[in-house]
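One-letter residues, chain by chain:
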4 protein chains.
Amino acid sequence: MIVVMNHAANDEQIYKVVERLKREGYNIHLSQGVERTIIGAVGENKGSGCIAVEAMEGVERVIPILRPYKLAGKDYKPEKTIIRVNNLEIGSEKIQVMAGPCAVENRDQLIETAKIVKKAGATILRGGAFKPRTSPYSFQGLEEEGLKILAEAREITGMPIVTEVMDTKSVELVAEYADILQIGARNMQNFILLKEVANTCKPILLKRGPSSTVEEWILAAEYIMAGGNDKVILCERGIRTFETATRNTLDLSSVPLLKSLTHLPVIVDPSHGTGKWSLVTPMSKAAVACGADGLIIEVHPYPDEALSDGPQSLTGDNFQKLMVETFAVAKAVGRTLGA
Amino acid sequence: MIVVMNHAANDEQIYKVVERLKREGYNIHLSQGVERTIIGAVGENKGSGCIAVEAMEGVERVIPILRPYKLAGKDYKPEKTIIRVNNLEIGSEKIQVMAGPCAVENRDQLIETAKIVKKAGATILRGGAFKPRTSPYSFQGLEEEGLKILAEAREITGMPIVTEVMDTKSVELVAEYADILQIGARNMQNFILLKEVANTCKPILLKRGPSSTVEEWILAAEYIMAGGNDKVILCERGIRTFETATRNTLDLSSVPLLKSLTHLPVIVDPSHGTGKWSLVTPMSKAAVACGADGLIIEVHPYPDEALSDGPQSLTGDNFQKLMVETFAVAKAVGRTLGA
Amino acid sequence: MIVVMNHAANDEQIYKVVERLKREGYNIHLSQGVERTIIGAVGENKGSGCIAVEAMEGVERVIPILRPYKLAGKDYKPEKTIIRVNNLEIGSEKIQVMAGPCAVENRDQLIETAKIVKKAGATILRGGAFKPRTSPYSFQGLEEEGLKILAEAREITGMPIVTEVMDTKSVELVAEYADILQIGARNMQNFILLKEVANTCKPILLKRGPSSTVEEWILAAEYIMAGGNDKVILCERGIRTFETATRNTLDLSSVPLLKSLTHLPVIVDPSHGTGKWSLVTPMSKAAVACGADGLIIEVHPYPDEALSDGPQSLTGDNFQKLMVETFAVAKAVGRTLGA
Amino acid sequence: MIVVMNHAANDEQIYKVVERLKREGYNIHLSQGVERTIIGAVGENKGSGCIAVEAMEGVERVIPILRPYKLAGKDYKPEKTIIRVNNLEIGSEKIQVMAGPCAVENRDQLIETAKIVKKAGATILRGGAFKPRTSPYSFQGLEEEGLKILAEAREITGMPIVTEVMDTKSVELVAEYADILQIGARNMQNFILLKEVANTCKPILLKRGPSSTVEEWILAAEYIMAGGNDKVILCERGIRTFETATRNTLDLSSVPLLKSLTHLPVIVDPSHGTGKWSLVTPMSKAAVACGADGLIIEVHPYPDEALSDGPQSLTGDNFQKLMVETFAVAKAVGRTLGA
């Protein structure tokens, strides 16, 4: 850690900061420039792990040097993590496409969609049984009934299923049915939920929070990994910015950035990232072009009748077009789509 | 709802949208301009409550007209809601100041802080027993032990306590001890938690999410109110923007804006809003000047030893100064501080 | 335009708004719902063009229906605009790559860079002679001397040049040398400059402002087009968000979105968009995959000696790698790179 | 400057960075930790002033230590700057209120408004003759005609005038008429304009750019001061965020923050900051409560007929109410309103 003292800091203030840091077990490098005194604190904190040097008199700012995560970082594990779900690999040269409706609405809707996306080349089925909705008056999901329908669709199509878990109380239930547990964007920093899903042995699809930095997102993955589960899939789904022409601002640069910081697989959700079905196919191609390990796409046979997210859902035909076009881009970057 | 058809929409597409809206029980006003056809849908949706007209062919955009919340709105209840906690009023002409440490660290720290803030004029004691922390390696709170210490401090000082509840599993436990349950910023859209705290009869302090609009925040309050608990206190604590010189951007305009939209009390947290103790007093005065019904302030006897949020914590002396200065501003706007 | 009256608006207030709109030449559609009265104003404003209905009593909000731009929109001109610079096409199936240093530093640096990028396949040379710099103490560009060096590089390599014009006073001078005039991001809403460059017959590369919506950006193009110059190239270069891990947040979704709203060519600047050279190649591929008509890339033979933007500049070798990889993606989406 | 080498940086890479920094005249402090090597570069850069160490191999990041501005900083000049305009002081204990219409529309409108605001206690008259408008089809201002009307209003009321200058070509003209030159938000980083207004001896009201950090804003002031004009008044007018319920997000925390970083006066524009007239009075009181040296307020006798910014303009009556209420808050913080 680097502590920058302010212009007017006096010797006593500097001395107190140095002593404080020494007490915490740091080795000190003092550098007294003309305008500022800089205190370098090297070594590991062997004390309380938690000192608020910034609150000490004379301190202008404190700059951490080490990245705050360990297990998720490339320093710790340079080789890529490949997560296996049944016979599928997530994080290898193969790009997996997860597809399905936003919400499981009824048996017919889900089974029909599952067959459509399977036929077009999707390898994993998505569908929400528990739905986080901004308004209490919106459809909140079929809950366990929805999980059962998902399980049936898996039996029929052979595709593993990914579905969201919203609360610690239902982790056990959802884990019984799902092959991959999804942590939604709004729950990225629901730390108790992160600890709880770490206790399952399931792969976790961790969506980026709408106002989360890449570093905070990796720290959320670190919560799961520190809990003993290293099967974390990061999912870029857009951040909230001033631009309202799209539902979110899909931050595709996070994909190659994450690849340089962490060993975990990264997938992209262009459906939530844009909120407009007509932008989903171009952004899927872009995601694959910049290195995404997978896509998660909302598909609904009749988007205008969808109980949620209709405007961003693809029809079966449009999804098939997406797969054909994305396949070509995947090939151009030396990868393959699917199983 | 207003449906704007695109420039090239044909008669069949318009007809289909109209028919669809009629089926949902709307009365239709059709307005065919030179450049666009506009379809007004009036009346209440008596159908599924959930149609994705935006996904229909030929539709450019859909503009909702009615505000999406009811119980929390001034249309529904024009007079101000005043929430009583023991003998205190929140939302009346009296401004309540909640103060205390970010986290309960140990008995001595909390009791000492409680006495300090009480003496300076605070009326409610704050302190976290369950702490949401960005890193899994940071201090996570004393949990039930912390709640017990809070209860003891209440006994000693007579101040009611406000403390955060992070998860559905601990709602019952926290509600046993706390006078006001706090929903933290990161949990503002943890909808299952919102439903659960609605079931307690406790007042809920609902912090604004860092990337939540005022409308989404009111909808989160609506979740609690729709669950039968109308004792919701809104707490502005800053939003996330590109500016990093402060920890968050304290959006004080939300205070008078909320007063025009809702009947609920609004308080301000300048500690998290700025992240710098030296800005807390000026922003407390500003909050009161623009109409806040209360403040929630982090105070620590030794900020540089705080296990969390030291840089934004006031010492006892600084907190007393805050109270004196804010008292003058409260008087200038025709209000009083405290009990 | 749709005027939504508030819940409590009375008949007189409604009447006044209606009369006001009629006076401006609108036809009125009145729709009185249970909760709100809605006033639709149809037709063209034949009055002052500027009424502040929102400021009238009883008005809750005013919703414009028509897009505020005309010449730049697809309603006005559905077919794509192709801009010709010498024998090059911008906006056709051919993707143009503009490359060169951030700033022209001296003759040797520019000529060397020009040869490098030409050899790798770039078709247009970029380089700044007038440099907008955040600090007054940073290198501000060689000004006319820089323009002369650019002209010499054009002569040697045959590549047309694009360079920034920062001020109305130097429009004539820059237009004498440049083949394409660049309006920098910070000048996107420098409306007098926009009007001035409209008077040249040169193509204008219009960068998106860091806090500009897509709509404001198209309106900036409209300024140039309303001034008689329809050769506008839009350039996405990232917007400012809370994420600081990248210099800006490259909003690639704007590319297909713009393609649906306007007929103008759209190119992407991944150098400023990310601020990190290691992200430039993946984001170039993503840009092409989602439909960009071109790229503008910073290249410097010795990035660590660059007088500006070194960290985001590619070496010659890295640029060549970019061209090879991007070529493959262009082919996969049915397009070609370059002349 | 602190250079953090990455985990895998080898001795040669470290050596090269050290040599490079030495060549630029820095003294080097090397600190080799277990996980990272840190290079401290102390002293002033005596070389090119511009090295891109971040682009060197093995470098993870570069952290500047010194603030990038000098003249505007409190290190350079600890005592507050008081700017005199006629007999008025800006930056002293007296709070100045600038008021008037957004745009000068005609003689009657301006003179009437000037009298109204003067009577209510405003001390400086605002009004735009050159108007930056998002759309080319909006009213663009009366230009010199508007300046003449402003001058007449000054003669009648005795109030000095503040008005915007948009372009270098009109600096001389505007300076002939205005007492204070305003640089609009969109021009905060129009560096050539900043240099040009520095050459007048007039006080400059420098609005914050909608996506500018406080540091960039101070650097814009530094441009003017480095040009020889130290009469800079900073004006907070809101930043652009995801929240659209207000026109901008008024960042009032910037007021006390600026007071700690710079010696320049700081005023607040709650009209643009909120975009809603009903929020202007509460936010004016908040601005004064947290330390603003002045306000700039839009007033129009008939807001619904305003050619621009009607929805955020106060009527004369509302402005008078603002003055009375703000006066009370000013007194509560130990200051006075006006002359």
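Residues numbered from 1 in each chain as written. Chains lettered and ligands numbered in written order. Predicted model: local features only at pLDDT ≥ 70, side-chain atom pairs only at ≥ 80, totals over all residues. Heavy atoms only, no water.

Peer 1: What am I meant to see in the overall build of chain A here?
Peer 2: A count of helical and extended segments in chain A gives 10 helices and 15 strands. By its C-alpha atoms, chain A is 75 × 45 × 40 Å across when sized along the principal axes. Looking at chain A residue by residue over its 339 residues, the buried ones come to 65%. Relative to all contacts within chain A whose residues are 6 or more apart in sequence, the contacts with residues 24 or more apart total 67%. With an accessible surface of roughly 11700 Å², chain A has 48% of that area assigned to carbon and sulfur atoms. Counting 39 positive and 42 negative side-chain charges, chain A places the averaged centre of each group 3 Å from the other. (Helix = DSSP H or I, 4+ residues; strand = E, 2+ residues; numbered from the N terminus. Buried < 20%, exposed > 50% of the residue type's maximum accessible area, 1.4 Å probe, protein only. Contact = heavy atoms within 4.5 Å. Areas by Shrake-Rupley, 256 points an atom, 1.4 Å probe, with all protein chains shown as cover. Lys, Arg positive; Asp, Glu negative; His and termini not counted. Charge placed at Lys NZ, Arg CZ, Asp CG, Glu CD.)

Peer 1: I tried to follow the relation of the copies chain B and chain A on my own but got confused; where do I start?
Peer 2: Copy one and copy two of the chain differ by a rotation about an axis and a translation along that axis. Superposing chain B onto chain A takes a rotation of 180° plus a shift of 0.0 Å along the axis, which leaves an RMSD of 0.0 Å. Viewed as a symmetry operation, the transformation between the two copies matches a two-fold axis. Closest to the rotation axis within chain B is the C-alpha of B:Ser211, separated from it by 2.8 Å. Both copies present the same face, since 100% of the interface residues in chain B are matched by interface residues at the equivalent positions in chain A. (Least-squares fit on C-alpha atoms with pLDDT ≥ 70 in both.)

Peer 1: Is there a simple way to think about the interface of chain A and chain D in this case?
Peer 2: The figure often quoted for interface size is the accessible area lost as the parts come together. The interface of chain A with chain D comprises 23 residues on the first partner and 23 residues on the second. When the buried surface of chain A facing chain D is broken down by residue, A:Ile65, A:Asp75 and A:Phe242 rank first, second and third, together holding 26% of it. Here D:Arg36 ties to A:Asp75 by a salt bridge, and the two come within 2.9 Å at their closest N and O atoms. Applying the counting criterion to the chain A and chain D interface returns six residue pairs in polar contact (both at pLDDT 80 or more). Elements represented by at least two residues in the side of chain A that touches chain D include exactly strand 1 (2–5), strand 2 (27–32), strand 3 (37–42) and strand 4 (59–63) of chain A. Looking at the side of chain A that touches chain D, its residues break down into 10 nonpolar, six polar and seven charged. (Buried area = accessible area lost by both parts, 1.4 Å probe. Salt bridge = Lys/Arg side-chain N within 4 Å of Asp/Glu carboxyl O. Polar contact = N/O pair within 3.5 Å; in protein donor to acceptor, adjacent residues only side chain to side chain. Nonpolar A, V, L, I, M, F, W, Y, C, P; charged D, E, K, R; others polar.)

Peer 1: In this structure, what is going on with the relation of the copies chain A and chain D? I would like to understand it.
Peer 2: Laying chain A over chain D is done by rotating through 180° and shifting 0.0 Å along the axis; what remains is an RMSD of 0.0 Å. By residue overlap, the copies meet face to face through one surface: 100% of the interface positions of chain A are interface positions in chain D.

Peer 1: What is the right way to look at the side chain of B:Ser254 in this model?
Peer 2: Examined against the element boundaries, B:Ser254 turns out to sit in helix 7 (residues 254–261). When sequence neighbours within four positions are dropped, the list of residues in contact with B:Ser254 reads B:Arg208, B:Val214, B:Trp217 and B:Glu236.

Peer 1: Explanation requested: the interface of chain B and chain A in the structure shown.
Peer 2: Of the residues lining the interface, 46 residues belong to chain B; the matching set on chain A comes to 46 residues. The contact between chain B and chain A buries some 4100 Å² in all, and 55% of this surface belongs to carbon and sulfur atoms. Taken together, the links from chain B to chain A amount to six salt bridges. A salt bridge links B:Arg240 to A:Glu216; the shortest N-O distance between them is 2.7 Å. If you look at where chain B meets chain A, you find 23 residue pairs in polar contact (both at pLDDT 80 or more). For the side of chain B that touches chain A, the elements supplying multiple residues, two or more each, are helix 5 (191–198) and helix 6 (214–226) of chain B.

Peer 1: What should I look at first to understand the domain arrangement of chain A in this one?
Peer 2: Entries for chain A in the domain assignment read domain 1 (2–63) and domain 2 (83–337). Just the C-alpha atoms count here: the centres of domain 1 of chain A and domain 2 of chain A sit 44 Å apart. (Domains from an automatic or database assignment.)

Peer 1: Got a minute to help me understand the sheet that holds strand 4 (residues 59–63) of chain C in this structure?
Peer 2: Two strands in a sheet stick together by hydrogen bonds in their backbones, pointing the same way (parallel) or opposite ways (antiparallel). Residue and element names in this part refer to chain C. Spatial strand order, 2-3-1-4: four strands in an open sheet with antiparallel pairing. Each end of this open sheet is capped by a strand with a single partner; those strands are strand 2 (27–32) and strand 4. Taking each pair of neighbouring strands and ignoring which way they run, the sheet shows an average axis angle of 15°. (Pairing = 2+ DSSP bridges. Axes fitted to C-alpha atoms, helices over the stretch in contact; angles between N-to-C directions.)

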